[in-house]
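These are the residues of each chain, in order.
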Amino acid sequence: AQSVAQPEDQVNVAEGNPLTVKCTYSVSGNPYLFWYVQYPNRGLQFLLKYITGDNLVKGSYGFEAEFNKSQTSFHLKKPSALVSDSALYFCAVRDWNNDMRFGAGTRLTVKP
Amino acid sequence: DGGITQSPKYLFRKEGQNVTLSCEQNLNHDAMYWYRQDPGQGLRLIYYSQIVNDFQKGDIAEGYSVSREKKESFPLTVTSAQKNPTAFYLCASAAGDPQGGELFFGEGSRLTVL
C-alpha cells in the first residue's frame, strides 16, 4: 500500500525566511502527491498537487513543491514565510484505486 | 455554491448510543471518503467509496458503518462498538479518476462521548 512520511512534527521559522516542510513517499506505480493545510477546527484546504509533468509545482498562497523521484520526496517550500502561514500541513498520496493516505502532519510556526 | 456539507458540526453522545454523521456533496464527484483525526494526529481513513452502492474499508473501519445509496451522500454511523469514538471526523470527495486530482473536504464534525 502507498504511504507518505513527514519526518518533522514541528518546524519553526522566522517571518521573511524561507520555509521547507518535508515529505517522502512510498508507492508502487505513478505517484499522485498532494499538500494540504489545516487551521484549527477546520477542514483541510488544498495547496498543490503533482500528477505528472514538471517537477516543480506551484500552488496557492505562494507555496511550491519539488517532486524528486530519485529521493522519493515531495517537499513543500515557500521563499518568504508569513506569520499567517502558521498551521498544520499534511502531505498525501492517492493511488490508482482512489485510496488516499495522509502523513502525520507537520506543525509550522512562523515567528514575527 | 458547490462544496461539501457536514452536519452536525458538534455532537455529543452518551456511551452505548449509535450516532450518524451526515456528509453531502454537490460537486458531482464519484469518490467519497471518511477520515478520523485525533488531537495532534494525522488523518486515518475509515471508509471510502468509489461509486454508488460500493465502499471499501480503510485502516480503522471497526465500529463504524457507511452507506452510499446516492452519489451525493455518504453518511457515517459511529456504533456503540467503537471503543473510543471521541474525535474530529472529516468527510471528503473527489473525481473518480485519481488523475483528476485533489480531495475536497468538509468543515468536519466533532463528536464527544460523555
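To keep things clear, this report deals only with the structure shown in the data block.

What follows is about the interface of chain A and chain B. Contact with chain A, which involves 24 residues of that partner, is made by 28 residues of chain B. Both faces combined, the contact of chain A with chain B buries some 2,100 Å², and carbon together with sulfur accounts for 46% of it. Considering only the side of chain A, the residues that lose the most area to chain B are N41, R94 and N98 of chain A, jointly responsible for 26% of the buried surface there. Inspection of the region where chain A meets chain B yields 3 salt bridges. With a closest N to O distance of 2.4 Å, R42 of chain A and E107 of chain B form a salt bridge. There are 9 residue pairs in polar contact (both at pLDDT 80 or more) connecting chain A and chain B. Taken together, the elements giving at least two residues each to the side of chain A that touches chain B come down to β5 (32–38), β6 (44–50), β10 (87–94) and β11 (100–102) of chain A.

Turning to the environment of E102 of chain B, a few remarks are in order. Mapped onto the elements of the fold, E102 of chain B is located in the loop between β9 (87–94) and β10 (104–105). Residue E102 of chain B is classed as buried on the basis of its relative accessible area of 12%. For the pair formed by E102 of chain B and A92 of chain B, sequence separation is 10 residues and the distance between their alpha carbons is 9.7 Å. Each residue touching E102 of chain B, except ones within four places of it in the same chain, is listed here: F34, Y36, F46 and K49 of chain A together with S93 and A94 of chain B. In terms of polar contacts, E102 of chain B uses its side chain to reach the side chain of K49 of chain A, at 3.0 Å.

On to the sheet that holds strand β7 (residues 64–66) of chain B. Residue and element names in this part refer to chain B. The sheet built from 4 strands is open, its strands ordered β1-β3-β8-β7 with antiparallel pairing. Two strands bound the open sheet, and with one partner strand each, they are β1 (4–7) and β7. When the angles between neighbouring strand axes are averaged without regard to direction, this sheet yields 20°. Where β7 meets strand β8 (residues 76–78), 3 bridges bridge the pair, whose relative direction is antiparallel. Bridging across to β8, Y64 finds its partner in V78.

With that settled, the discussion passes to the state of the cysteines. The final tally for this structure, using the stated rule, is 2 disulfides over all chains. Across the disulfide from C23 of chain A sits C91 of chain A; the S-S distance is 2.0 Å. Torsion about the S-S bond of the C23 of chain A and C91 of chain A cystine: about -60°, corresponding to left-handed handedness. One end of the pair, C23 of chain A, is in the loop between β3 (19–21) and β4 (24–26); the other, C91 of chain A, is in strand β10, and 68 residues separate them in sequence. Take C23 of chain A and C91 of chain A: they sit in the same class, and that class is buried. Between the sulfur of C23 of chain B and that of C91 of chain B lies a disulfide, 1.9 Å long from S to S. Disulfide C23 of chain B-C91 of chain B: torsion about the S-S bond near -75°, hence left-handed. Residue C23 of chain B is found in strand β3 (residues 19–25), and its partner C91 of chain B is found in strand β9; the two are separated by 68 residues along the sequence. Neither C23 of chain B nor C91 of chain B differs from the other in exposure class; each is buried.

Turning our attention to the pattern of salt bridges. Per the counting criterion, the structure on display carries 10 salt bridges over all chains. Taking the shortest distance from any N to any O, the salt bridge between D38 of chain B and R44 of chain B comes out at 2.7 Å. Of the residues examined, R44 of chain B reaches a relative accessible area of 36% and is grouped as partly exposed. Ionic contacts of the salt-bridge type, sharing partners, join the residues D99 and R101 of chain A together with D59 of chain B into one network.

With that settled, the discussion passes to the packing of aromatic side chains. Going through the model one piece at a time under the given rule, you end up with 15 aromatic pairs over all chains. Aromatic pair F63 of chain A and Y89 of chain A: ring centres 5.6 Å apart, planes at 50°, arrangement tilted. One end of the pair, F63 of chain A, is in the loop between β7 (56–58) and β8 (64–68); the other, Y89 of chain A, is in strand β10, and 26 residues separate them in sequence. Here F63 of chain A and Y89 of chain A have matching classes, each one buried. Residues Y47 of chain B and F55 of chain B carry aromatic rings whose centres are separated by 5.8 Å and whose planes lie at 80° to one another, so their mutual orientation is edge-to-face. Every member of this aromatic cluster is reached through a ring pair, and the members are Y36, F46, F90 and F102 of chain A together with Y33, Y35, Y48 and F105 of chain B. Here K78 of chain A stacks its cationic end above the ring of F63 of chain A, 5.0 Å away from the centre of that ring.

About the criteria used
Residues numbered from 1 in each chain as written. Chains lettered and ligands numbered in written order. Predicted model: local features only at pLDDT ≥ 70, side-chain atom pairs only at ≥ 80, totals over all residues. Heavy atoms only, no water. Contact = heavy atoms within 4.5 Å. Buried area = accessible area lost by both parts, 1.4 Å probe. Salt bridge = Lys/Arg side-chain N within 4 Å of Asp/Glu carboxyl O. Polar contact = N/O pair within 3.5 Å; in protein donor to acceptor, adjacent residues only side chain to side chain. Helix = DSSP H or I, 4+ residues; strand = E, 2+ residues; numbered from the N terminus. Buried < 20%, exposed > 50% of the residue type's maximum accessible area, 1.4 Å probe, protein only. Pairing = 2+ DSSP bridges. Axes fitted to C-alpha atoms, helices over the stretch in contact; angles between N-to-C directions. Disulfide = S-S within 2.5 Å. Phe/Tyr/Trp six-rings, centres within 6.5 Å; stacked < 30°, edge-to-face > 60°. Lys NZ or Arg CZ within 6 Å of the ring centre and 35° of its normal.

These figures capture arrangement, not role.
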